Amino acid sequence: MAEAAAEPGLAPLLAAARRAHGAAFGGAAVLAAWAPGRVNLIGEHTDYNGGFVLPMALQLGTVLVGSPTQDGTISILTTSAEADEPHRVQFPAPCQGSPLSPGQPRWANYVKGVIQHYRGGPVPGFSAVIASDIPLGGGLSSSAALEVATYTFLQQLCPDDGDLVAKALACQKAEHTFAGMPCGIMDQFISVMGKEGHALLIDCRSLETVLVPLTDASLAILITNSNVRHTLTGSEYPTRRRQCEEAAAALGKASLRDATMAELEAARSQLGEEVYRRARHVIGEIARTAQAAQALQDRDYRMFGRLMVESHNSLRDDYEVSCLELDELVAAALEVDGVYGSRMTGGGFGGCTVTLLEAGAAERAQHHIQEKYSGTATFYLTKPSGGAKVLPL
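Below: a short report on this structure. (Residues numbered from 1 in each chain as written. Predicted model: local features only at pLDDT ≥ 70, side-chain atom pairs only at ≥ 80, totals over all residues. Heavy atoms only, no water.)

This next bit is on the overall build of the protein chain. What the protein chain contains, in helices and strands, is 12 helices and 12 strands. Its C-alpha atoms give the protein chain principal-axis dimensions of roughly 65 × 50 × 35 Å. By the burial criterion, 60% of the 393 residues in the protein chain qualify as buried. Sequence separation of 24 or more characterises 73% of the internal contacts of the protein chain that already satisfy a separation of 6 or more. For the protein chain, the computed accessible surface area is about 15300 Å², with 51% contributed by carbon and sulfur atoms. (Helix = DSSP H or I, 4+ residues; strand = E, 2+ residues; numbered from the N terminus. Buried < 20%, exposed > 50% of the residue type's maximum accessible area, 1.4 Å probe, protein only. Contact = heavy atoms within 4.5 Å. Areas by Shrake-Rupley, 256 points an atom, 1.4 Å probe, with all protein chains shown as cover.)

Structural data, given as structure tokens:
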């Protein structure tokens, strides 16, 4: 199992999933797949605007273990205590004329959506157990990790053509149609394409990617979970999307990716103040992300940190997706000597912050942030991990 060594939590996760499979289904799991969560370093709410994002895959991830069955039934168990009940579901494998459809419990919709949109097949019956060490609702893409782990598992069960971009797009489609979340492409893309020791600059319009090295031993990335849960399928996310589309249309652009600040300023009077501010965030953030990728390439961490702080302030003031807890965590981090920058990451309304800092300041930063924060924070010191993989059993 040397393959798993890169992700410290993977071996116990895999062992727990295999035990649960034996207990629940009476037989050993013969196939296993893992896919990572992600943290977005910069480029928030730009992906559905055709812009740039700069995520990295995490060492935290989701494992799926299982076995094919002969009865055409799919049975899935989740070991996550935070998932909605029931924790075990059973349904017939989809066939021509009887597709799967979303329902309760919500966690199973991510799996069903991927099975329905899988590009190989037909998918046979199988039993499977899901185990994850990504905090649910923390903005670290537990949903994309579940989708991509499921797809990677299905690739062993009944192989597809192996096209990685199409794989990420199928997983995104699953989230749109089965989980009702109109997400951009970033989360599925990085979970599929992540590379150890690198962040990934993704052009969400052309789907081109550039690997940006992130292996400097003097550097650390600290994720701080506010432990305030967000549910994004509420009205906020679709409303932001709609406002962006409205702004792009008013500017005569296919998306805000094509718009400049000058064009936005010129059209300010016809946009309405709120839509104007939403667009100002997106146009600024797309430019910041391209600049940040260059700064990282140049190892200019001070510049990168400044851009992170600008990103946070824009998300707080113009896009209005931050919250008191995230603002507290960022302010506390920025008081620590050796911190380059900090910002909220993910969709917002709770979840996590990401902080770039000197490795030597990591412990000091955690103490200070916990001291200043009104809630209880959880910390993850993480390195950029590789993307989804098959685990040999």
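Structure's up, so let's keep going.
This paragraph deals with helix α10 (residues 301-317). The first and last C-alpha atoms of α10 sit 24 Å apart over 17 residues, in line with the 24 Å expected at 1.5 Å per residue. When α10 is considered as a whole, its buried residues turn out to be Y301, F304, G305, L307, M308, S311, H312, S314 and L315. (Expected span 1.5 Å × (residues − 1).)

This structure, assessed with the given rule, holds 21 salt bridges. Ionic pairing is found between R268 and E273, a salt bridge with its closest N-O pair at 3.0 Å. Note on E273: relative accessible area 43%, which makes it partly exposed. Residue R288 is joined to E285 by a salt bridge in which the shortest nitrogen-to-oxygen separation is 2.9 Å. Of the two residues, R288 and E285 are both situated in helix α9 (residues 273-297); the distance of 3 residues between them amounts to about one turn of the helix. (Salt bridge = Lys/Arg side-chain N within 4 Å of Asp/Glu carboxyl O.)

Moving on: the packing of α9 against α10. Look at α9 against α10: their axes get within 9 Å of each other, and the N-to-C directions meet at 165 degrees. Classified by the angle their axes make, α9 and α10 are roughly antiparallel. Crossing angle aside, the handedness with which α9 passes α10 is left-handed. Every residue of α10 that contacts α9 at R277, H281, E285, R288, Q291, A292, A295 and L296 is listed here: Y301, M303, F304, L307, E310, S311, S314, L315 and D317. Residue composition of the contact of α9 with α10, grouped by class: 8 nonpolar, 4 polar and 5 charged. (Axes fitted to C-alpha atoms, helices over the stretch in contact; angles between N-to-C directions. Parallel < 35°, antiparallel > 145°, perpendicular 65-115°, else oblique. Left-handed = near helix turned anticlockwise from the far one by under 90°. Nonpolar A, V, L, I, M, F, W, Y, C, P; charged D, E, K, R; others polar.)

Across the interface, helix α3 (residues 142-157) lies against helix α4 (residues 164-178) with an axial gap of 10 Å and an inter-helix angle of 125 degrees. Between α3 and α4, the angle falls in the class oblique. Judged by the twist between their axes, the crossing of α3 over α4 is right-handed. On α4, the residues that touch S143, A144, E147, V148, Y151, T152 and Q155 of α3 are K167, A170, C171 and E175. Its residues assigned to classes, the contact of α3 with α4 comprises 5 nonpolar, 3 polar and 3 charged.

Let us look at the nonpolar core. Core analysis: the largest hydrophobic core is formed by 56 residues, its most contacted members being L41, L54, L256 and F304. In this structure L256 touches N49, C244, A247, A248, L251, A279, V282, I283 and I286, once residues within four positions along its chain are discounted. Of all hydrophobic cores here, the second largest spans 45 residues; its members include L31, L64, V89 and A128. (Core = buried A, V, L, I, M, F, W, Y, C linked by side-chain atoms within 4.5 Å.)

Right, let's get into the packing of aromatic side chains. Under the counting rule described, the total for this entry stands at 4 aromatic pairs. Geometrically, the ring pair formed by Y118 and Y151 is edge-to-face, given 4.7 Å between the ring centres and 65 degrees between the ring planes. Of this pair, Y118 sits in the loop between α2 (106-117) and β5 (126-132) while Y151 sits in helix α3, and the two are 33 residues apart along the sequence. Comparing Y118 with Y151, the two get one shared label, buried. Judged by centre distance (5.3 Å) and plane angle (50 degrees), the ring pair of F126 and F153 falls under tilted. With F126 in strand β5 and F153 in helix α3, this pair connects stretches of sequence that are 27 residues apart. The two residues F126 and F153 agree in class, both being buried. (Phe/Tyr/Trp six-rings, centres within 6.5 Å; stacked < 30°, edge-to-face > 60°.)

Turning to the sheet that holds strand β8 (residues 219-225), a few remarks are in order. Here we have 4 strands laid out as an open sheet, ordered β9-β10-β8-β11, and antiparallel in their pairing. Looking at strand neighbours, the two that pair on one side only are β9 (339-345) and β11 (378-382), the edges of this open sheet. Ignoring which end each strand starts from, the neighbouring axes of this sheet average 20 degrees apart. Helix-sheet contacts for α10 involve β8, β9 and β10 (352-358), and the interaxial angle to β9 is about 30 degrees. Each of β8, β10 and β11 is contacted by helix α12 (residues 362-372), which is oriented at about 160 degrees to β11, the strand it contacts most. (Pairing = 2+ DSSP bridges.)

The next subject is the environment of I185. Within the secondary structure layout, I185 lies in the loop between α4 and α5 (186-193). Take I185: its relative accessible area is 5%, and that puts it in the buried class. In this structure the C-alpha to C-alpha distance between I185 and Y48, which are 137 residues apart in sequence, comes to 7.4 Å. Residues in contact with I185, not counting those within four places in the same chain, are D47, A168, L169, Q172, C204 and L207.

Attention shifts here to unusual backbone geometry. In this structure, P86 follows E85 across a cis peptide bond, with omega equal to -5 degrees. With respect to the element layout, P86 can be found in the loop between β3 (73-78) and β4 (88-92). Cis peptide bonds are those with omega within 30 degrees of zero, and the linkage from Q104 to P105 qualifies with -5 degrees. The phi dihedral of H45 is positive, around 65 degrees, even though this residue is not glycine. Topologically, H45 is positioned in the loop between β1 (31-42) and β2 (52-68). A positive phi angle, close to 50 degrees, is found at E320, a residue other than glycine. Examined against the element boundaries, E320 turns out to sit in the loop between α10 and α11 (324-334). The class for E320 is partly exposed, based on a relative accessible area of 34%.

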